Amino acid sequence: MTIRIVGAALLILGCGSVGFQMAAAHMREERILRQLLRLLDYMECELQYHLTPLPELCRQAAEQEAGVLKGVFLRLAEELDNQMSPDVGRCMGYVLGRQQNLPPKVKKLLRLMGNSLGKFDLQGQIKGLESLRGECRRELKMLEAGRASRLREYKTLGLCAGAALAILFI
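Computed from a prediction, not measured in an experiment: that's the story for all the values here. (Residues numbered from 1 in each chain as written. Predicted model: local features only at pLDDT ≥ 70, side-chain atom pairs only at ≥ 80, totals over all residues. Heavy atoms only, no water.)

> Teacher, can you tell me more about the overall build of the protein chain here?
Secondary structure assignment for the protein chain yields 7 helices and 0 strands. The N-to-C order of helical and strand elements in the protein chain reads α-α-α-α-α-α-α. Structurally, the protein chain occupies a C-alpha span of about 70 × 30 × 20 Å along its principal axes. Taking the intrachain contacts of the protein chain between residues at least 6 apart in sequence as the baseline, contacts between residues at least 24 apart amount to 67%. As displayed, the protein chain has an accessible area near 9,800 Å², and 60% of this comes from carbon and sulfur atoms. Between the mean site of the 24 positive side-chain charges and the mean site of the 18 negative ones, the protein chain shows a separation of 9 Å. (Helix = DSSP H or I, 4+ residues; strand = E, 2+ residues; numbered from the N terminus. Contact = heavy atoms within 4.5 Å. Areas by Shrake-Rupley, 256 points an atom, 1.4 Å probe, with all protein chains shown as cover. Lys, Arg positive; Asp, Glu negative; His and termini not counted. Charge placed at Lys NZ, Arg CZ, Asp CG, Glu CD.)

> Even after reading the chapter, I still don't get unusual backbone geometry, so can you show me in this structure?
Across the chain, the bulk of peptide bonds are trans and the bulk of non-glycine residues have phi less than zero. Phi is positive for L51, close to 50°, though the residue is something other than glycine. With respect to the secondary-structure elements, L51 resides in the loop between α1 (2–50) and α2 (54–64). Among the residues examined, L51 registers a relative accessible area of 56% and is labelled exposed. (Buried < 20%, exposed > 50% of the residue type's maximum accessible area, 1.4 Å probe, protein only.)

> Is there a simple way to think about the pattern of salt bridges in this case?
It is possible for side chains of opposite charge to pair when their charged atoms get near one another. Using the criterion set out here, one finds 13 salt bridges in the structure. A salt bridge links E30 to R34; the nearest nitrogen and oxygen atoms lie 3.1 Å apart. Here R34 and E30 lie together in helix α1, a separation of 4 residues that amounts to about one turn. For E144, the salt bridge goes to R34, with nearest N and O atoms at 2.9 Å. Residue E144 is located in helix α6 (residues 122–144), and its partner R34 is located in helix α1; the two are separated by 110 residues in the primary sequence. Of the residues examined, R34 reaches a relative accessible area of 30% and is grouped as partly exposed. (Salt bridge = Lys/Arg side-chain N within 4 Å of Asp/Glu carboxyl O.)

Just geometry here; none of it tells us what the structure is for.
In structure tokens, the structure reads:
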């Protein structure tokens, strides 16, 4: 009897932890999108007022933030330095292909950034960054809409699924 109780408790805790991990992933995605917004603001200012070359711009952007985006922008700067004819979109695709821990929405936005940087003149690049910032804000607004209830739902769903499985197995 005690083994069943211990097994049921472990099952509830295991499923509950999955729900809590889903909530943490949602919050992490919001945090990364906010960081990306700050980096896009910084990059636009640097391009507009200092005309910083792209590899140097990526290095400077990496210095502005910590975490996953820092690594992405440092690798992008390295790739741009190593390419004979730098194509930012291809370099960004290579860097993102090696990144396992970025949310899909952030990867999509970074691919869009890679496709708009380096292909147009200065005004075109700035407009590309502006439109990317707008898209990033839309994604962030969607994530923030109903965040509290969504996080509570993830946690509750995990615990309830664990309880349901425990009842089935007992």
